[in-house]
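# Fold and geometry: a report
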Amino acid sequence: MAEKRVAAIGWPIEHSLSPAMHNAAFKAVGLSDWSYDKFAVPPDILGLSLREMRDHGFVGCNVTVPHKEEALKWTRADELSQRVGAVNTIDFRTNRGTNTDVQGFMDDLRANDVVVADQPVIVLGAGGAARAAVYGLAQAGAHLIVVNRTPERAERLLADLFVKGQVLSAAEGVQTGAKIIINCTSVGMQPKVTESPWPDNVAMPEKPFVYDMVYRPARTRLIEQAEQAGGRAVNGLGMLARQGALAFTLWTGVDAPLDVMLNTLREALGMTT
Ligand code: ATR
(Lines give C-alpha, C1' and ligand atoms only; values in the text may rest on other atoms or scores of the structure.)
Protein backbone atom coordinates (compact mmCIF):
# COMPACT_ATOMS: atom_id res chain seq x y z
CA MET A 1 0.00 0.00 0.00
CA ALA A 2 1.37 3.45 -0.91
CA GLU A 3 2.41 5.52 2.04
CA LYS A 4 -0.01 8.31 2.93
CA ARG A 5 1.89 11.46 3.76
CA VAL A 6 0.82 14.69 5.42
CA ALA A 7 2.92 17.50 6.86
CA ALA A 8 2.99 20.85 8.61
CA ILE A 9 4.58 23.78 6.83
CA GLY A 10 5.67 27.00 8.47
CA TRP A 11 8.60 29.36 8.82
CA PRO A 12 10.06 28.54 11.27
CA ILE A 13 8.64 25.08 11.94
CA GLU A 14 11.23 23.24 14.07
CA HIS A 15 9.28 23.63 17.33
CA SER A 16 6.02 22.29 15.89
CA LEU A 17 4.36 19.64 18.04
CA SER A 18 2.07 18.52 15.21
CA PRO A 19 4.27 15.67 13.89
CA ALA A 20 4.50 14.01 17.33
CA MET A 21 0.77 14.51 17.94
CA HIS A 22 -0.39 13.14 14.57
CA ASN A 23 2.09 10.29 14.35
CA ALA A 24 1.01 9.10 17.80
CA ALA A 25 -2.61 9.33 16.64
CA PHE A 26 -1.97 7.33 13.43
CA LYS A 27 -0.28 4.64 15.49
CA ALA A 28 -3.06 4.54 18.08
CA VAL A 29 -5.77 3.83 15.49
CA GLY A 30 -3.66 1.44 13.41
CA LEU A 31 -3.09 3.73 10.41
CA SER A 32 0.41 2.34 9.97
CA ASP A 33 0.74 3.56 6.36
CA TRP A 34 0.25 7.21 7.38
CA SER A 35 3.05 9.59 8.41
CA TYR A 36 3.26 13.27 9.34
CA ASP A 37 6.33 15.40 8.56
CA LYS A 38 7.30 19.04 8.94
CA PHE A 39 8.88 21.33 6.36
CA ALA A 40 10.36 24.78 6.78
CA VAL A 41 8.95 26.78 3.87
CA PRO A 42 10.01 30.41 3.35
CA PRO A 43 7.13 32.75 2.43
CA ASP A 44 8.33 33.42 -1.14
CA ILE A 45 7.99 29.78 -2.18
CA LEU A 46 4.68 28.87 -0.52
CA GLY A 47 2.78 28.28 -3.78
CA LEU A 48 5.63 26.27 -5.27
CA SER A 49 5.96 24.16 -2.12
CA LEU A 50 2.24 23.37 -2.03
CA ARG A 51 2.33 22.30 -5.67
CA GLU A 52 5.39 20.12 -5.05
CA MET A 53 3.69 18.38 -2.14
CA ARG A 54 0.55 17.76 -4.17
CA ASP A 55 2.56 16.48 -7.16
CA HIS A 56 4.43 14.11 -4.85
CA GLY A 57 1.19 12.59 -3.67
CA PHE A 58 0.83 14.18 -0.24
CA VAL A 59 -2.74 13.75 1.03
CA GLY A 60 -2.79 17.08 2.81
CA CYS A 61 -1.01 19.53 5.04
CA ASN A 62 -1.37 21.92 7.93
CA VAL A 63 -0.35 25.48 7.33
CA THR A 64 0.98 27.59 10.15
CA VAL A 65 2.54 31.00 10.79
CA PRO A 66 3.19 32.98 8.59
CA HIS A 67 1.40 31.18 5.72
CA LYS A 68 -2.23 30.97 6.85
CA GLU A 69 -3.43 34.10 5.03
CA GLU A 70 -1.37 33.53 1.88
CA ALA A 71 -2.63 29.93 1.64
CA LEU A 72 -6.08 31.29 0.73
CA LYS A 73 -4.71 32.17 -2.69
CA TRP A 74 -3.29 28.73 -3.41
CA THR A 75 -6.28 26.55 -2.48
CA ARG A 76 -9.99 26.31 -3.14
CA ALA A 77 -10.65 28.03 0.16
CA ASP A 78 -14.03 27.16 1.68
CA GLU A 79 -16.43 29.80 2.94
CA LEU A 80 -15.29 29.52 6.55
CA SER A 81 -11.60 30.07 5.76
CA GLN A 82 -12.48 32.93 3.45
CA ARG A 83 -14.52 34.63 6.16
CA VAL A 84 -11.80 34.13 8.77
CA GLY A 85 -9.13 35.08 6.25
CA ALA A 86 -6.92 32.09 7.04
CA VAL A 87 -6.42 28.49 5.90
CA ASN A 88 -4.81 26.05 8.33
CA THR A 89 -5.69 22.71 6.71
CA ILE A 90 -5.43 21.62 3.08
CA ASP A 91 -6.66 18.45 1.39
CA PHE A 92 -4.59 17.98 -1.79
CA ARG A 93 -7.04 15.42 -3.20
CA THR A 94 -9.48 18.27 -3.77
CA ASN A 95 -7.13 21.22 -3.19
CA ARG A 96 -9.69 22.42 -0.65
CA GLY A 97 -8.47 24.76 2.06
CA THR A 98 -10.31 25.07 5.34
CA ASN A 99 -9.84 26.36 8.86
CA THR A 100 -10.07 23.99 11.81
CA ASP A 101 -8.83 26.57 14.34
CA VAL A 102 -12.30 28.06 14.77
CA GLN A 103 -14.02 24.81 15.64
CA GLY A 104 -10.98 23.58 17.58
CA PHE A 105 -11.18 26.64 19.78
CA MET A 106 -14.95 26.55 20.22
CA ASP A 107 -14.90 22.80 20.96
CA ASP A 108 -12.28 23.39 23.65
CA LEU A 109 -14.32 26.18 25.26
CA ARG A 110 -17.27 23.81 25.39
CA ALA A 111 -15.10 21.03 26.81
CA ASN A 112 -14.18 23.45 29.60
CA ASP A 113 -17.88 24.16 30.27
CA VAL A 114 -17.65 27.77 29.17
CA VAL A 115 -20.94 29.21 27.91
CA VAL A 116 -20.55 32.33 25.77
CA ALA A 117 -24.06 32.85 24.36
CA ASP A 118 -25.33 36.31 25.36
CA GLN A 119 -22.21 36.85 27.48
CA PRO A 120 -19.74 39.71 27.15
CA VAL A 121 -16.36 38.23 26.17
CA ILE A 122 -13.06 40.12 26.11
CA VAL A 123 -10.75 39.13 23.26
CA LEU A 124 -7.15 40.27 23.65
CA GLY A 125 -5.50 40.77 20.26
CA ALA A 126 -6.53 41.48 16.69
CA GLY A 127 -4.23 39.26 14.59
CA GLY A 128 -4.96 35.97 12.85
CA ALA A 129 -5.62 34.01 16.03
CA ALA A 130 -8.04 36.68 17.24
CA ARG A 131 -9.92 36.56 13.93
CA ALA A 132 -10.61 32.84 14.38
CA ALA A 133 -11.75 33.38 17.97
CA VAL A 134 -13.95 36.39 17.20
CA TYR A 135 -15.60 34.56 14.31
CA GLY A 136 -16.40 31.49 16.41
CA LEU A 137 -17.53 33.50 19.44
CA ALA A 138 -19.79 35.73 17.35
CA GLN A 139 -21.40 32.68 15.74
CA ALA A 140 -22.05 31.33 19.23
CA GLY A 141 -23.82 34.54 20.24
CA ALA A 142 -21.18 36.20 22.44
CA HIS A 143 -21.00 39.98 22.82
CA LEU A 144 -17.52 40.82 21.61
CA ILE A 145 -15.18 43.27 23.29
CA VAL A 146 -11.85 43.48 21.50
CA VAL A 147 -8.87 44.91 23.36
CA ASN A 148 -5.76 45.52 21.29
CA ARG A 149 -2.55 47.52 21.51
CA THR A 150 -3.49 49.00 18.13
CA PRO A 151 -7.24 49.75 18.39
CA GLU A 152 -7.60 50.53 14.67
CA ARG A 153 -6.64 46.95 13.89
CA ALA A 154 -9.39 45.72 16.20
CA GLU A 155 -11.93 47.98 14.46
CA ARG A 156 -10.84 46.56 11.11
CA LEU A 157 -11.15 43.00 12.38
CA LEU A 158 -14.77 43.52 13.47
CA ALA A 159 -15.62 45.28 10.21
CA ASP A 160 -13.99 42.55 8.08
CA LEU A 161 -15.91 39.82 9.87
CA PHE A 162 -19.20 41.78 9.92
CA VAL A 163 -19.29 41.33 13.68
CA LYS A 164 -20.98 43.88 15.92
CA GLY A 165 -18.69 44.46 18.86
CA GLN A 166 -16.85 47.07 20.85
CA VAL A 167 -13.21 48.08 20.78
CA LEU A 168 -12.30 49.05 24.34
CA SER A 169 -9.40 49.23 26.76
CA ALA A 170 -8.94 46.42 29.28
CA ALA A 171 -10.29 48.67 32.07
CA GLU A 172 -13.39 49.56 30.03
CA GLY A 173 -13.84 45.89 29.21
CA VAL A 174 -13.98 44.99 32.90
CA GLN A 175 -16.64 47.66 33.46
CA THR A 176 -18.98 45.86 31.05
CA GLY A 177 -19.16 43.02 33.58
CA ALA A 178 -17.29 40.60 31.31
CA LYS A 179 -15.88 37.58 33.15
CA ILE A 180 -14.50 35.69 30.17
CA ILE A 181 -11.13 36.72 28.72
CA ILE A 182 -9.50 35.09 25.69
CA ASN A 183 -5.84 35.79 25.00
CA CYS A 184 -5.15 35.67 21.26
CA THR A 185 -1.84 37.53 21.40
CA SER A 186 1.54 35.88 21.71
CA VAL A 187 2.40 37.93 24.81
CA GLY A 188 3.72 35.71 27.61
CA MET A 189 5.00 33.05 25.23
CA GLN A 190 8.49 31.66 25.74
CA PRO A 191 11.03 33.16 26.12
CA LYS A 192 9.25 36.28 27.48
CA VAL A 193 7.47 34.38 30.22
CA THR A 194 7.28 37.28 32.68
CA GLU A 195 5.05 39.29 30.33
CA SER A 196 1.28 39.30 30.28
CA PRO A 197 -1.23 40.75 27.82
CA TRP A 198 -3.30 41.89 30.83
CA PRO A 199 -2.06 45.30 32.07
CA ASP A 200 -0.61 45.34 35.60
CA ASN A 201 -2.54 48.45 36.59
CA VAL A 202 -5.98 47.03 35.75
CA ALA A 203 -7.69 44.64 38.17
CA MET A 204 -9.05 41.51 36.53
CA PRO A 205 -12.76 40.82 36.83
CA GLU A 206 -13.57 38.80 39.95
CA LYS A 207 -13.51 35.04 39.39
CA PRO A 208 -12.73 35.29 35.67
CA PHE A 209 -12.45 32.47 33.17
CA VAL A 210 -9.30 32.99 31.13
CA TYR A 211 -8.46 31.09 27.96
CA ASP A 212 -4.82 31.62 27.00
CA MET A 213 -4.07 30.42 23.47
CA VAL A 214 -0.40 30.36 24.49
CA TYR A 215 0.73 26.90 25.67
CA ARG A 216 4.49 27.41 25.96
CA PRO A 217 4.93 27.73 28.92
CA ALA A 218 1.99 25.61 30.04
CA ARG A 219 1.38 28.04 32.91
CA THR A 220 1.65 31.61 31.72
CA ARG A 221 1.75 34.77 33.80
CA LEU A 222 -1.80 35.52 32.56
CA ILE A 223 -3.00 32.18 33.91
CA GLU A 224 -1.44 33.05 37.28
CA GLN A 225 -3.17 36.43 37.28
CA ALA A 226 -6.52 34.75 36.62
CA GLU A 227 -6.02 32.31 39.46
CA GLN A 228 -4.97 35.11 41.81
CA ALA A 229 -8.28 36.80 40.97
CA GLY A 230 -10.06 33.65 42.15
CA GLY A 231 -10.75 32.46 38.63
CA ARG A 232 -10.14 29.50 36.38
CA ALA A 233 -7.75 29.40 33.45
CA VAL A 234 -6.64 27.03 30.72
CA ASN A 235 -3.90 27.20 28.12
CA GLY A 236 -4.19 26.62 24.39
CA LEU A 237 -3.14 22.98 24.35
CA GLY A 238 -6.70 21.76 24.00
CA MET A 239 -7.26 23.99 20.99
CA LEU A 240 -4.07 22.67 19.38
CA ALA A 241 -5.20 19.09 19.91
CA ARG A 242 -8.75 19.72 18.71
CA GLN A 243 -7.81 21.61 15.53
CA GLY A 244 -5.44 18.71 14.83
CA ALA A 245 -8.13 16.13 15.51
CA LEU A 246 -10.45 17.82 13.01
CA ALA A 247 -7.72 17.83 10.33
CA PHE A 248 -6.91 14.18 11.12
CA THR A 249 -10.51 13.12 10.49
CA LEU A 250 -10.75 15.23 7.35
CA TRP A 251 -7.73 13.48 5.81
CA THR A 252 -8.23 9.93 7.09
CA GLY A 253 -12.00 9.67 7.50
CA VAL A 254 -11.29 8.07 10.88
CA ASP A 255 -12.32 9.40 14.31
CA ALA A 256 -9.30 11.03 15.92
CA PRO A 257 -8.02 9.64 19.23
CA LEU A 258 -8.20 12.98 21.06
CA ASP A 259 -6.91 11.64 24.37
CA VAL A 260 -3.79 10.25 22.67
CA MET A 261 -3.21 13.58 20.93
CA LEU A 262 -3.64 15.55 24.16
CA ASN A 263 -1.38 13.24 26.12
CA THR A 264 1.32 13.44 23.47
CA LEU A 265 1.24 17.23 23.65
CA ARG A 266 1.30 17.23 27.45
CA GLU A 267 4.25 14.89 27.46
CA ALA A 268 6.12 16.93 24.86
CA LEU A 269 5.67 20.04 27.01
CA GLY A 270 6.59 18.24 30.19
CA MET A 271 3.20 18.83 31.78
CA THR A 272 2.30 16.65 34.72
CA THR A 273 -1.46 17.29 34.75
P1 ATR B 1 -1.31 35.88 15.00
O2 ATR B 1 -1.62 35.65 13.54
O3 ATR B 1 -0.58 34.74 15.66
O4 ATR B 1 -2.51 36.30 15.79
P5 ATR B 1 -0.32 38.57 14.58
O6 ATR B 1 -1.21 38.72 13.40
O7 ATR B 1 1.07 39.05 14.49
O8 ATR B 1 -0.22 37.05 15.03
O9 ATR B 1 -1.05 39.28 15.84
C10 ATR B 1 -0.44 39.37 17.08
C11 ATR B 1 -1.38 40.06 18.07
O12 ATR B 1 -0.68 40.18 19.31
C13 ATR B 1 -1.78 41.48 17.68
O14 ATR B 1 -3.05 41.74 18.22
C15 ATR B 1 -0.71 42.31 18.37
O16 ATR B 1 -1.09 43.64 18.63
P17 ATR B 1 -0.99 44.79 17.48
O18 ATR B 1 -2.16 44.56 16.56
O19 ATR B 1 -1.06 46.06 18.21
O20 ATR B 1 0.34 44.55 16.80
C21 ATR B 1 -0.55 41.55 19.66
N22 ATR B 1 0.74 41.78 20.28
C23 ATR B 1 1.92 41.23 19.90
N24 ATR B 1 2.91 41.65 20.72
C25 ATR B 1 2.34 42.47 21.64
C26 ATR B 1 2.83 43.20 22.78
N27 ATR B 1 4.11 43.16 23.13
N28 ATR B 1 1.94 43.92 23.50
C29 ATR B 1 0.63 43.96 23.15
N30 ATR B 1 0.11 43.29 22.10
C31 ATR B 1 0.95 42.55 21.36
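A brief look at the structure comes next.

Rules used throughout
- Residues numbered from 1 in each chain as written.
- Predicted model: local features only at pLDDT ≥ 70, side-chain atom pairs only at ≥ 80, totals over all residues.
- Heavy atoms only, no water.
- Salt bridge = Lys/Arg side-chain N within 4 Å of Asp/Glu carboxyl O.
- Helix = DSSP H or I, 4+ residues; strand = E, 2+ residues; numbered from the N terminus.
- Buried < 20%, exposed > 50% of the residue type's maximum accessible area, 1.4 Å probe, protein only.
- Pairing = 2+ DSSP bridges.
- Contact = heavy atoms within 4.5 Å.
- Axes fitted to C-alpha atoms, helices over the stretch in contact; angles between N-to-C directions.
- Phe/Tyr/Trp six-rings, centres within 6.5 Å; stacked < 30°, edge-to-face > 60°.

### Here we look at the pattern of salt bridges
Tallied over the full model, the rule gives 12 salt bridges. One salt bridge connects Arg 242 with Asp 108, and the closest N-O pair in it is separated by 2.9 Å. With a gap of 134 residues between them, Arg 242 in helix α10 (residues 237-252) and Asp 108 in helix α5 (residues 101-111) connect regions that are remote in the sequence. With relative accessibility at 19%, the residue Arg 242 sits in the buried group. Judged by relative accessible area, Asp 108 falls into the buried class, the value being 5%. Arg 131 is the partner of Asp 160 in a salt bridge, and the nearest nitrogen-oxygen pair spans 3.3 Å. On the criterion of sequence distance, the pair formed by Asp 160 in helix α7 (residues 151-160) and Arg 131 in helix α6 (residues 128-139) is long-range, its members being 29 residues apart.

### Observations regarding the sheet that holds strand β6 (residues 96-98)
What the six strands build is an open sheet, ordered β2-β1-β3-β5-β6-β4; its pairing is mixed. Only two strands of the sheet have a single neighbouring strand rather than two, namely β2 (34-40) and β4 (76-77). Across four bridges, strand β1 (residues 4-10) lies against strand β3 (residues 60-63) in parallel orientation. If you follow Ala 7 over to β3, its bridge partner there is Cys 61. Against the sheet, helix α1 (residues 18-28) makes contact with β1, β2 and β3, and its axis sits at roughly 170° relative to β2, the strand it touches most.

### Focus: the packing of aromatic side chains
Under the criterion given, the structure shown has five aromatic pairs. Centre to centre, the rings of Tyr 36 and Trp 251 are 6.2 Å apart; their planes meet at 50°, and the pair counts as tilted. You can see Tyr 36 sitting in strand β2 and its partner Trp 251 sitting in helix α10, a full 215 residues away along the chain. With respect to class, Tyr 36 is no different from Trp 251; both count as buried. For the pair Phe 105 and Tyr 211, a centre-to-centre distance of 5.3 Å together with 85° between the ring planes defines the contact as edge-to-face. Of the two residues, Phe 105 sits in helix α5 while Tyr 211 sits in strand β11 (residues 209-212), which places them 106 residues apart along the sequence.

### As for unusual backbone geometry
In the segment running from Val 65 into Pro 66, the intervening peptide bond is cis, with an omega of 5°. The topology assignment puts Pro 66 in the loop between β3 and α3 (71-74). Looking along the chain, the bond that leaves Arg 216 and enters Pro 217 is cis, with omega of 5°. The residue Pro 217 is located in the loop between β11 and α9 (221-228) in this model. For Asn 95, which is not glycine, the phi dihedral falls at a positive 60°. Mapped onto the secondary structure, Asn 95 falls in the loop between β5 (89-91) and β6. The residue Asp 118 is not glycine, and still its phi comes out positive at about 65°. Following the sequence through the fold, Asp 118 ends up in the loop between α5 and β7 (120-124). The class of Asp 118 is exposed, set by a relative accessible area of 58%.

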